[in-house]
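Per-entry structural report
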Amino acid sequence: MPLEEYRKKRDFAATSEPEGSGEKKKPVGKIFVVQEHHASHLHYDLRLERDGVLVSFAVPKGIPEKPGEKHLAVHVEDHPLEYADFEGTIPEGEYGAGQVKIWDRGLYEPLYWKEDKIEVVMKGERLAGRYVLVRFRRAGKDEWLLFRAKD
Ligand code: MN
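Residues numbered from 1 in each chain as written. Predicted model: local features only at pLDDT ≥ 70, side-chain atom pairs only at ≥ 80, totals over all residues. Heavy atoms only, no water.

Some remarks on the pattern of salt bridges
Scanning the model with the defined rule gives 13 salt bridges in all. For the salt bridge of Lys123 with Glu109, the shortest nitrogen-to-oxygen distance reads 3.3 Å. One end of the pair, Lys123, is in strand E7 (residues 117–124); the other, Glu109, is in strand E6 (residues 98–113), and 14 residues separate them in sequence. A relative accessible area of 36% places Glu109 in the partly exposed class. Here Lys141 and Asp142 are joined by a salt bridge, their closest N and O atoms 3.3 Å apart. On the basis of relative accessibility, which here comes to 65%, the residue Lys141 falls in the exposed class. With relative accessibility at 27%, the residue Asp142 sits in the partly exposed group. Bridged by salt links that share partners, the residues Glu5, Lys9, Arg10, Glu17 and Glu77 form one connected network. (Salt bridge = Lys/Arg side-chain N within 4 Å of Asp/Glu carboxyl O. Helix = DSSP H or I, 4+ residues; strand = E, 2+ residues; numbered from the N terminus. Buried < 20%, exposed > 50% of the residue type's maximum accessible area, 1.4 Å probe, protein only.)

As structure tokens, this is what we get:
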């Protein structure tokens, strides 16, 4: 069931995060968002719309802005599309407790999307250009490397 893992981790009576209606919306393009998440460890959540949900990665060091920098990106559970608008504070004791701020958002164009590699063009306010995610199996099953490709 889509979003099952997302919902299992959260108590929607306690957190203001969206539960997700499950309804599929017709978007004008594929949306992406990067949320700055002041949880127990500051990290940035990169979320890419795909098949009615936001495919999500936690990036501890943030999105690399120069070609050549490779940052670890940990694949996490899909989030509902509504999450792209979420900013606020997840209460103490809840999953991911801490402040969430939108760092950037916009549209992206998927160039390639397979099991081990994703390539996109970001069209945000801060992020613009071609980005690549490649699975980094030596590190663990959910670990990927994120880098900016040369334009
Ligand atoms: Mn997070």
